[in-house]
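# Commentary on secondary and tertiary structure
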Amino acid sequence: MEITPRFRFVEGSFDTLTNKMLVIGSDNHGTVELCFKEEDCGWNIPFAEIKLYDSGLYKDFAATYNDAKKLGEEISRRWNECPNKQ
């Protein structure tokens, strides 16, 4: 499936059937994101954030960081192993 995101200073689209999904966690930025790995340019295109807390506090992010990464890894593993992504 061809997807065209709208990011500042970026043009183009990517194909979800050929690109792999991965999870990127950043303790410094307080985020765990699901991304598509764009093979042609090496970019990671974020499309979803995994957030297992509702307080907005860093201490709650830190307490759920490992579980959020595990969930993201499971989601991306299932996506990448899916034999027919259509």
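Above this note sits the structure.
In short, a report on the structure. Nothing here was measured: the structure is a model prediction, and the numbers come from that model.

## So, the overall build of the chain
Tallying secondary structure elements over the chain gives 1 helix and 5 strands in all. Secondary structure elements in the chain, listed N-terminal to C-terminal, are β-β-β-β-β-α. C-alpha atoms of the chain, sized along the principal axes, occupy 35 × 35 × 20 Å. A buried classification covers 26% of the 86 residues belonging to the chain. In the chain, of all internal contacts separated by at least 6 residues, the share reaching a separation of at least 24 is 34%. Split by element, the accessible area of the chain, about 6,300 Å² in all, is 50% carbon and sulfur. Separation of charge centres in the chain, based on 11 positive and 15 negative side chains, amounts to 3 Å.

## Here we look at the nonpolar core
Listed in full, the 12 residues of the largest apolar core are F14, M21, V23, V32, L34, F36, I45, I50, Y53, F61, Y65 and A68. Where this core is concerned, the elements lending two or more residues are β3 (20-26), β4 (31-37) and α1 (58-81). If sequence neighbours within four positions are ignored, M21 has contacts with L34, C35, F36, F47, I75, S76, W79 and N80.

## A look at the sheet that holds strand β5 (residues 44-49)
The strand order across the open sheet formed by 3 strands is β3-β4-β5, and the pairing between neighbours is antiparallel. In this open sheet, the two strands that pair with only one neighbour each are β3 and β5. Ignoring strand direction, the axes of neighbouring strands in this sheet form an average angle of 35°. Bridging between β3 and β4 involves 7 bridges; their strand directions are antiparallel. Note on β4: the bridge partner recorded for V23 is L34. In this fold α1 packs onto β3 and β4, with an angle of close to 170° to the strand it touches most, β3.

The rules behind the values
Residues numbered from 1 in each chain as written. Predicted model: local features only at pLDDT ≥ 70, side-chain atom pairs only at ≥ 80, totals over all residues. Heavy atoms only, no water. Helix = DSSP H or I, 4+ residues; strand = E, 2+ residues; numbered from the N terminus. Buried < 20%, exposed > 50% of the residue type's maximum accessible area, 1.4 Å probe, protein only. Contact = heavy atoms within 4.5 Å. Areas by Shrake-Rupley, 256 points an atom, 1.4 Å probe, with all protein chains shown as cover. Lys, Arg positive; Asp, Glu negative; His and termini not counted. Charge placed at Lys NZ, Arg CZ, Asp CG, Glu CD. Core = buried A, V, L, I, M, F, W, Y, C linked by side-chain atoms within 4.5 Å. Pairing = 2+ DSSP bridges. Axes fitted to C-alpha atoms, helices over the stretch in contact; angles between N-to-C directions.

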